Amino acid sequence: MPDRSCSKLLRALLPLLAATGCDGCPSSKPYTPYTLGSAAPSGAPPPPSGVGPGAPDPGPDADAGAPDAGAPDAAAPPRFAAVPSVPAPEGGKRWPLDGGAVVAAPTGRTFETGLLLDLDGDGARDLVAWTRAPDGLRGELLFAPAARPQALRTLTALPGDLAAQGCTPRVGLSQIGPSTLALDFAPQCADPQRAAGAGAARWIAVIRLPGPAAGAGAPPELALELRLRAPPPAEALSAALEVADRDADGRDDLVVSVGIEGALRPFPAPAGAASELRAPLVFLDRPAGLSRDAAQPGETLRALAASLLRDARGKSTAPAVAASAQRLRRLHALLCADAAGGGGAIAGRDAARAGEARVWTGAGPVRCGEPGLAAAIDHAEAVAASTRGAPLAAVAALDRGGAEPRTKEEGKLLAKLAPPVTPSAVYRTAAAPQSTRPGAFGPLAFEASGALLVRTAQGVVRVDPAASTESATDIPPWPTAVRAGPAELVAVERRCDAPTLLALFRSSPDAVGEMEAPLPLLRGQGPRARAGAASPERCAGTERLPYSPLAASEGGFDIALGAALVSIDLRAAAPASSALSFPLTTPAPQGAARSPDGTTLAVPAAGGLLVATAGGAARLWSGGDLAQATACAPANGGARVACVAGAAAVIFEAK
């Protein structure tokens, strides 16, 4: 089925894309620039510019009147067709030039690939070639003028910190513009994660050829370096390079369109035309060298977020917004060092390694200057959830652990989704609830009759608030541990070295160590561990997060992280997790944050206690003793909630 949201996005961005030369729907562009992917390149050189896959057939459901993004612009100048390098002749020891001259490879090096170009206009082709050491992990790009073939000059050398052991490099060299070359060094590693930790990265060097104003004998020069560190497994980064005189000053400017494909585990991978998302880095050629245009990629990222919000308001397009929002967050995080979890306060070359940013230029990590982008994406996702009738998912999108929403607009949306309520305390027990660790099944559980069961250190007490009586029972105390068969849920963590939140569990009571499962929440999402904790944008170390158990069975666990509902499935060989829809279909165990009939839940979210009932409205309770309450459990219907407050259980009621 064609991806209609992609074509809508393209039309919305046409003015912007005309200015940047790239797009968010790469299969719909009128040509294919020189592309550098993060996957292993094939043995053949990349396709030349202007030769590539055509745009997919939009199909009969495509919107009428849409411009044909796949048709070339007849008024535009012809695109430069990239010229790929050729393998070195004679075993890489010598490279013959026109007229019988020969360039000998330096001692300890062999030629691998090169280009013969007339750079000085004397009619003889000069040599630009990549030479490598026997291990392939060291090398230089050399220039040999035809007039002086032994006067080799190093244009650039592979940085030493990219020479990762255990990797096999592949190198491509192409002329991508009238006066621009691109060298692509891509290490192919048997263990990509280990190699990435050792510093292995794709390295792209852009070389400027001398123009007529440079004078006779002027050599090529390094204009730009790019590094693309490997993203987590199942994700891939690519870079498409386009050369054009964008400001009509007679110089070749450069657009590097960075794209992300795939999806983190456990997020589902997108398919079809929406499988790749792109944003451009624009470099303008100035007398002092290439200068990055500060407007990009911010303009494109903002436009993509605005497109999400438009889709969020449509009944037919809202269901796809949550997945698109996660992918835009990932592109922002991988591209921008100042995104959530980016470089933090670390400066220089190591800034990208401090967080999730995977792109680095010769001037350092990319700073996009879009502090409001994360909030805009959250807002679009909340509006989409509201449009499709999922208020809990909408509150989860708005809630990032703070006491207040980020903007007045979000505050209005939150008040609409979950109107505020100030409950009153109607009963305080004499029985002292048994203390439990965070994340365990709590000591309170309502019965269908409306009576409250309190698990104490001596046994289970039944509280009848109507008669103001408390009596011991022979009901066995329910367990505190959240178990799925022999496995026990231990914690949920936010780590700086993991892009998603992680659930930790023991496979059996006597197991040594803990297993982990990634959750469908990015590192910056989910609640904070405590008030005043460091924000996800300044990740430091490991943080254990509060969560509410909702169900446990032989197959796994259901939990709530704020208003985000998650299921963890342990039945497969590798633990899997997924987002849950409300209402839940699993039985509600005693001590869970659910009513006896399972249709109402009460979880801490958005600075209060979110109480939601299937078929009814969600409400946000706050104020009074509720501010210090923990381990809350709702009654059927959600009119009453019992929580632990100090040494007692308190029953709250909202009219």
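Residues numbered from 1 in each chain as written. Predicted model: local features only at pLDDT ≥ 70, side-chain atom pairs only at ≥ 80, totals over all residues. Heavy atoms only, no water.

Visitor: Would you mind going over the overall build of the protein chain with me for this structure?
Guide: Secondary structure assignment for the protein chain yields 8 helices and 40 strands. Counting over 655 residues, the protein chain shows a buried share of 51%. As presented, the protein chain carries roughly 27,900 Å² of accessible surface, and 55% of it is formed by carbon and sulfur atoms. (Helix = DSSP H or I, 4+ residues; strand = E, 2+ residues; numbered from the N terminus. Buried < 20%, exposed > 50% of the residue type's maximum accessible area, 1.4 Å probe, protein only. Areas by Shrake-Rupley, 256 points an atom, 1.4 Å probe, with all protein chains shown as cover.)

Visitor: Any chance you could explain the confidence of the model for the protein chain here in plain terms?
Guide: Predicted coordinates in areas of low pLDDT are best not read in detail. When the pLDDT values of the protein chain are averaged, the result is 82; 79% of them are 70 or greater. Confidence drops under pLDDT 50 across residues 37–74; counting only partners more than four residues distant or on other chains, this segment forms 57 contacts. pLDDT under 50 marks residues 530–537. Its contacts with residues more than four places away, or in other chains, come to 11 contacts. (pLDDT = per-residue confidence, 0-100. Contact = heavy atoms within 4.5 Å.)

Visitor: Just checking my understanding: could you explain the environment of Lys655 for this structure?
Guide: Topologically, Lys655 is positioned in the segment after strand 40 (648–653). Residue Lys655 is classed as exposed on the basis of its relative accessible area, which comes to 81%. Separated by 232 residues in sequence, Lys655 and Pro423 place their C-alpha atoms 7.4 Å apart.

Visitor: I would appreciate a short explanation of the environment of Arg455 in the present structure.
Guide: For Arg455, the location among the structural elements is in strand 23 (residues 452–455). By relative accessible area, which is 1% here, Arg455 ends up buried. With 13 residues separating them along the chain, Arg455 and Gly442 place their C-alpha atoms 8.4 Å apart. With residues near it in sequence (within four places) discarded, Arg455 still touches Ala432, Pro433, Gln434, Thr436, Phe441, Gly442, Pro443, Val460, Pro477, Trp478, Pro479 and Thr480. In this structure the side chain of Arg455 is engaged in a polar contact, spanning 3.3 Å, whose partner is the backbone oxygen of Trp478. (Polar contact = N/O pair within 3.5 Å; in protein donor to acceptor, adjacent residues only side chain to side chain.)

Visitor: Teacher, can you tell me more about the pairing of strand 14 (residues 235–244) here?
Guide: Counting buried residues along strand 14, 8 of its 10 residues qualify, which places the element largely inside the surrounding structure. Note: strand 14 against strand 15 (residues 253–262), 10 bridges, orientation antiparallel. Across the sheet, the residue bridging to Glu235 is Gly262, located in strand 15. (Pairing = 2+ DSSP bridges.)

Visitor: When you look at the state of the cysteines in this model, what are you seeing that I'm missing?
Guide: Joining two cysteines, a disulfide is a covalent bond between their sulfur atoms. Evaluation of the coordinates by the stated rule reveals 2 disulfides. Through a disulfide, Cys336 is tied to Cys368; the S-S separation comes to 1.9 Å. Every disulfide takes its handedness from the sign of the S-S torsion; for Cys336 and Cys368 that torsion is -80 degrees, giving left-handed. Taken as a pair, Cys336 in the loop between helix 4 (321–335) and helix 5 (351–354) and Cys368 in the loop between strand 19 (364–365) and helix 6 (373–387) lie far apart in primary sequence, 32 residues in all. Here the two residues Cys336 and Cys368 agree in accessibility, since each one is buried. (Disulfide = S-S within 2.5 Å.)

Visitor: Help me understand the side chain of Thr387 in this model?
Guide: Checked against the element boundaries, Thr387 lands in helix 6. Given the relative accessible area of 18%, Thr387 is considered buried. At a separation of 2.7 Å, a polar atom in the side chain of Thr387 contacts the main-chain carbonyl oxygen of Ala312. Sequence-distant contacts of Thr387, defined by excluding residues within four places in its chain, comprise Ala312, Arg313, Gly314, Lys315 and Ala318.

Visitor: Sorry if this is basic, but what is going on with the sheet that holds strand 25 (residues 469–472) here?
Guide: Hydrogen bonding along the main chain pairs the strands of a sheet, whether they run parallel or antiparallel. A sheet is described by the order of its strands in space; here 4 strands give the open sequence 22-23-24-25, paired in antiparallel fashion. A single partner strand is all that each edge strand has here, and the edge strands are strand 22 (444–446) and strand 25. Going across the sheet, the axis of each strand differs from the next one's by a mean of 25 degrees, ignoring polarity. For strand 23 and strand 24 (residues 460–464), the ladder comprises 4 bridges, and the chain directions are antiparallel. Each residue of the ladder has a partner; that of Val454, found in strand 24, is Val461. (Axes fitted to C-alpha atoms, helices over the stretch in contact; angles between N-to-C directions.)

Visitor: Looking at this structure, I do not really get the environment of Leu301. What am I missing?
Guide: Relative to the helices and strands, Leu301 resides in helix 3 (residues 298–312). With relative accessibility at 0%, the residue Leu301 sits in the buried group. Each C-alpha atom of the pair Leu301 and Leu331 lies 8.9 Å from the other, and the pair is 30 residues apart in sequence. Excluding residues that lie within four positions of it along the chain, Leu301 makes contacts with Ala279, Leu328, Leu331, His332, Cys336, Cys368 and Leu373.

Visitor: Any chance you could explain unusual backbone geometry here in plain terms?
Guide: Most peptide bonds adopt trans geometry, and most residues besides glycine take a negative phi value. Geometrically, the link from Arg265 to Pro266 is a cis peptide bond, its omega value of 15 degrees lying close to zero. In the segment running from Phe582 into Pro583, the intervening peptide bond is cis, with an omega of 5 degrees. Tracing the sequence through the fold places Pro583 in the loop between strand 34 (576–579) and strand 35 (600–605). The backbone of Ser468 shows a phi angle near 55 degrees, a positive value even though the residue is not glycine. Residues other than glycine seldom take positive phi values, yet Ala631 does so here, at roughly 50 degrees. Along the polypeptide, Ala631 turns up in strand 38 (residues 630–634).

Visitor: Explanation requested: the nonpolar core in the structure shown.
Guide: Proteins that are soluble and globular tend to have nonpolar side chains buried together. Among the nonpolar cores identified, the biggest contains 90 residues, and Leu241, Leu254, Val256, Ile559, Leu561, Ile568 and Leu610 are the most heavily contacted of them. For this core, the leading source of residues is helix 6, giving 7 residues. Leu610 has contacts with Leu392, Val395, Ala418, Ala563, Leu601, Ala602, Val603, Ala605, Ala618, Arg619 and Leu620, leaving out every residue within four places of it along the chain. Formed by 20 residues, the second largest nonpolar core is a distinct cluster that contains Leu183, Ala201, Ala205 and Leu209. (Core = buried A, V, L, I, M, F, W, Y, C linked by side-chain atoms within 4.5 Å.)

Visitor: Explain the pattern of salt bridges here, please?
Guide: Should the charged atoms of two oppositely charged side chains come close, the side chains can pair. In this structure the tally under the stated criterion is 27 salt bridges. A salt bridge links Arg227 to Asp161; the shortest N-O distance between them is 3.0 Å. In this pair, Arg227 is assigned in strand 13 (residues 221–229) and Asp161 in the loop between strand 9 (153–157) and strand 10 (167–177), connecting sequence segments 66 residues apart. The closest approach of N and O atoms between Arg640 and Glu653, which form a salt bridge, is 2.9 Å. Taken together, the positions of Arg640 in strand 39 (residues 640–645) and Glu653 in strand 40 put the pair 13 residues apart, joining distant regions of the chain. Look at Arg640 and you get partly exposed, because its relative accessible area is 26%. With relative accessibility at 14%, the residue Glu653 sits in the buried group. What emerges from the salt-bridge pattern is a single network uniting Glu493, Arg495, Glu514, Glu516 and Arg544. (Salt bridge = Lys/Arg side-chain N within 4 Å of Asp/Glu carboxyl O.)

Visitor: What should I look at first to understand the packing of helix 3 against helix 4 in this one?
Guide: Each pair of packed helices gets described by two things: the angle between the helix axes and the distance between those axes. The N-to-C vectors of helix 3 and helix 4 enclose an angle of 170 degrees; their axes lie 10 Å apart at closest approach. It follows that helix 3 is roughly antiparallel to helix 4 by the angle criterion. Residues Leu301, Leu304, Ala305, Leu308, Asp311 and Ala312 of helix 3 form the contact with helix 4, whose own contacting residues are Val321, Ser324, Ala325, Leu328, Leu331 and His332. Residue composition of the contact of helix 3 with helix 4, grouped by class: 9 nonpolar, 2 polar and 1 charged. (Parallel < 35°, antiparallel > 145°, perpendicular 65-115°, else oblique. Nonpolar A, V, L, I, M, F, W, Y, C, P; charged D, E, K, R; others polar.)

Visitor: How should helix 7 (residues 391–398) be read in this particular structure?
Guide: Structural remark: α-helix, 3.6 residues per turn; residues separated by three or four positions point the same way. Burial within helix 7 is extensive, with 6 of its 8 residues counted as buried. Of the residues making up helix 7, those classed as buried are Leu392, Ala394, Val395, Ala396, Ala397 and Leu398. Contacts from the buried residues of helix 7 go to helix 6, helix 8 (408–417), strand 33 (564–569), strand 35 and strand 36 (608–613).

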